[in-house]
Amino acid sequence: MPGNFSHVIKGFLASPYFNGLGESTIDHWKRELVLAEVTLGHLDVSEVRPSIIQAHLDGLAQYPGKQSTAKTALKAVEKWAIVRDFLPHPITLGTQTIGSDGGHEPWTDQEVADAIEHARPDLARAVLLAVSTGQRGSDIVKM
């Protein structure tokens, strides 16, 4: 069993499982796991327990999306590490995120019309494409 949590995170990030995930998932999870490594990496694996993870998640409470992604990534680390004896016990059991208080709020028809009328032509096309297709922003960029 490795000595500190940083070793576990680095092992997960180098694993075939992690590197086989989708590009977007890799990007988002890696960002959150690097932050967790900075804040929690120095801890011995025996010290990392749900209350420590919850404190880390509570520190992200003003960013519900970031907090949710961090919990998902840390849960994946836990699942990967426990069966490899890199963690002595579950670390996310019972942890909670606050969730969003309203979610996505689409632009009004007037905001869309203003954007199409006043934005640069390339941005106006992007806005029109987004409104017309209903795709997520990341999918619009890919298109």
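In this text the structure is predicted, and so the values were computed from the model without any measurement.

*Asks:* Outline the packing of aromatic side chains, listing residues and values.
*Replies:* How two aromatic rings sit relative to each other is given by the distance of their centres and the angle of their planes. One pass over the structure, following the stated rule, counts five aromatic pairs. On the basis of an interplanar angle of 50° and a centroid distance of 6.0 Å, the ring pair of F12 and Y17 is categorised as tilted. By relative accessible area, Y17 is classed as partly exposed at 43%. Of the aromatic side chains, those joined through ring pairs into one cluster are F12, Y17, F18, W29, W80 and F86.

*Asks:* Before we move on, can you summarise the nonpolar core with the specific residues and values?
*Replies:* Ranked by internal contacts, the top residues of the largest apolar core, which has 26 residues, are F5, V8, F12, L33, I53 and L87. Mapped by element, the contributors of at least two residues to this core are helix 1 (5-14), helix 3 (23-40), helix 4 (50-58) and helix 5 (64-82). Considering each element in turn, this core owes the most residues, seven residues, to helix 5.

*Asks:* Explain helix 7 (residues 121-133) residue by residue, including any values.
*Replies:* A rise of 1.5 Å per residue sets the reference length of helix 7, with its 13 residues, at 18 Å; its end C-alpha atoms lie 18 Å apart and thus fit the reference within 8%. Of the residues one or two after helix 7, G134 is the one with positive phi, at around 75°.

*Asks:* Can you tell me about unusual backbone geometry, naming the residues and giving the values?
*Replies:* The backbone of D85 shows a phi angle near 60°, a positive value even though the residue is not glycine. Structurally, D85 is set in the loop between helix 5 and helix 6 (109-118). With a relative accessible area of 53%, D85 lands in the exposed category.

*Asks:* Lay out the side chain of S6 with the relevant residues and their values.
*Replies:* If you trace the backbone, S6 turns up in helix 1. Polar side-chain contacts of S6 include one of 2.6 Å to the side chain of E37. Those residues in contact with S6 that sit more than four places away from it in its chain are E37 and G41.

*Asks:* Tell me what's going on with the side chain of T95, and back it up with residues and numbers.
*Replies:* Topologically, T95 is positioned in the loop between helix 5 and helix 6. The residues contacting T95, other than those within four sequence positions of it, are P50, I53, Q54, L57 and K71.

*Asks:* Describe in detail the pattern of salt bridges, supporting the description with residues and values.
*Replies:* Under the defined criterion, the tally for this structure stands at five salt bridges. Here K10 makes a salt bridge to E37, at a shortest N to O gap of 3.5 Å. Residue K10 is found in helix 1, and its partner E37 is found in helix 3; the two are separated by 27 residues along the sequence. For E37, a relative accessible area of 18% corresponds to the buried category.

What counts, and where the lines are drawn
Once a new chain begins, its residue numbering starts again from 1 and follows that chain's sequence as written. In keeping with the model being predicted, local features are shown solely for residues with a pLDDT of at least 70 and side-chain atom pairs are shown and tallied solely at 80 or more, while totals for entire chains, interfaces and linings include all residues. Computation of side-chain values: all heavy atoms of the structure, hydrogens and water removed. We call Phe, Tyr and Trp rings a pair once their centres come within 6.5 Å, taking the six-membered ring for Trp, and we label the pair stacked below 30 degrees between planes, edge-to-face above 60, and tilted otherwise. Any residue under 20% of the maximum accessible area for its type is buried, any over 50% is exposed, and the rest in between are partly exposed; the area is computed with a 1.4 Å probe on protein chains only. Among buried residues, the Ala, Val, Leu, Ile, Met, Phe, Trp, Tyr and Cys ones that are joined through side-chain atoms within 4.5 Å form a nonpolar core. The way it works is that DSSP assigns letters per residue, a run of H or I at least four long becomes a helix, a run of E at least two long becomes a strand, and they are numbered from the N terminus. Working rule for helices: expected span equals 1.5 Å times residues minus one. For the purposes of these results, a polar contact is taken to be a pair of N or O atoms within 3.5 Å, where, inside protein, one atom must be able to donate a hydrogen and its partner to accept one; residues adjacent in sequence count only when each atom of the pair is a side-chain atom. Should any heavy atoms of two residues lie within 4.5 Å, those residues are considered in contact. One side-chain nitrogen of Lys or Arg within 4 Å of one carboxyl oxygen of Asp or Glu is enough to make a salt bridge.

These figures capture arrangement, not role.
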